[in-house]
Amino acid sequence: MTIDKCQCPDAKEMRGYIDGLLEAELSRDEIFYKVAKKYSPNMITDVKIREAAEKRLLKEIGNKRPQIVIEPATFNFKEAYKKQGIVKKEFKIYNKGNEKLIITNIKASCVCASASLTIGKTKSPDFGTKGAGGGWQAIIKSGESGVLEVNLDLAHASIRPGKLTRTIHVTSSDPLNPEITVSVEAEVKE
C-alpha cells in the first residue's frame, strides 16, 4: 500500500514530512534522498530512484556501519484457530555490518501482537503497539545475532475469522534500514 492510501499514524507522519520538503521547494532528488535517509530507501518504489538514494547514502556513511538483517522476513501460520490462543514465531536478527547495531524500538501493529528480543541471555520485555519507549535499547555486536520472538494472540477480541497479517517494526541504528518490518500471517478459523 502506498502512503497516500494508508491512514496509519506512521504514514500520516511521513506525508507531513514530505509535505514540508515540498514546501521548502527542494529538488525531486533531494526529497527522495531525505526520505530514504529518514525512513529507509525501501520506502521508494522506483528502483532507479531508490538505487541512487542508496548510493548517495553509502557514500555519506562510508564503510563502517551496522547492517540489520532479519530472517525470515515473513512467516505464515497457515490455518490457525482462535482457540489456539497465543502462537509464537522466532525470527533471527543479525548484525552483518562492522559496527555495533543499536536496536532502539520494537513496535507491534495491533494489540493482538507483541514481540521481545533476546540477545545472549538477556531478554527484553514484550513490546506491543506502544513500542519500547523510555530510552530502551539493545546492542548486537558486529557478526552476532539475537532472536525476535513474535507472539500473536488468536483469541484476542480484535481477531476475526479470515486472512490476518500483523507486523512488527524494529528501529535500529542501521543507516540504510533504520526501520525494518517482519510480518506474520494466518488464515484464522473459529
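Just above sits the structure.
Remember, predicted model here, so these are calculated numbers, not experimental data. (Residues numbered from 1 in each chain as written. Predicted model: local features only at pLDDT ≥ 70, side-chain atom pairs only at ≥ 80, totals over all residues. Heavy atoms only, no water.)

A. Seen up close, the side chain of Ser124. Examined against the element boundaries, Ser124 turns out to sit in the loop between strand S6 (122-123) and strand S7 (138-140). Polar contacts involving the side chain of Ser124 include one to the main-chain amide nitrogen of Leu117, which spans 2.8 Å. Other than its neighbours up to four places away in sequence, Ser124 contacts Ser116, Leu117 and Trp136. (Helix = DSSP H or I, 4+ residues; strand = E, 2+ residues; numbered from the N terminus. Polar contact = N/O pair within 3.5 Å; in protein donor to acceptor, adjacent residues only side chain to side chain. Contact = heavy atoms within 4.5 Å.)

B. Region of interest: the layout of surface pockets. There is about 1300 Å³ of room inside the largest pocket. In terms of lining, the largest pocket is formed by 37 residues, of which the most central are Ile3, Asp10, Ala11, Met14 and Met43. Put simply, the parts of the chain that give the lining of the largest pocket at least two residues each are helix H1 (9-23), helix H2 (28-38), strand S4 (101-108), strand S9 (162-172) and strand S10 (179-189). Top contributing element to the lining of the largest pocket by residue count: H1, with seven residues. (1 Å grid on protein atoms, 1.4 Å probe; cavity = no way out; pocket = protein on both sides within 12 Å on 5 of 7 lines; lining within 4 Å. Points joined across faces, edges and corners; volume = space filled by probe spheres on them.)

C. Up close: the nonpolar core. Ile103, Ile106, Leu148, Leu152 and Ile168 are the most contacted members of the largest nonpolar core, which totals 35 residues. At five residues, the largest contribution of residues to this core is made by S10. (Core = buried A, V, L, I, M, F, W, Y, C linked by side-chain atoms within 4.5 Å. Buried < 20%, exposed > 50% of the residue type's maximum accessible area, 1.4 Å probe, protein only.)

D. Molecular detail of the sheet that holds S4. If you trace the five strands from one edge of the open sheet to the other, you get S2-S10-S9-S4-S7, paired in mixed fashion. The sheet is open, and its two borders are formed by strand S2 (74-81) and S7, each paired with just one other strand. The sheet shows a mean angle of 30° between the axes of neighbouring strands, taken without regard to direction. Pairing of S2 with S10 involves six bridges; the strand directions are parallel. For Thr74, the partnering residue across the bridge sits in S10 and is Ser183. (Pairing = 2+ DSSP bridges. Axes fitted to C-alpha atoms, helices over the stretch in contact; angles between N-to-C directions.)

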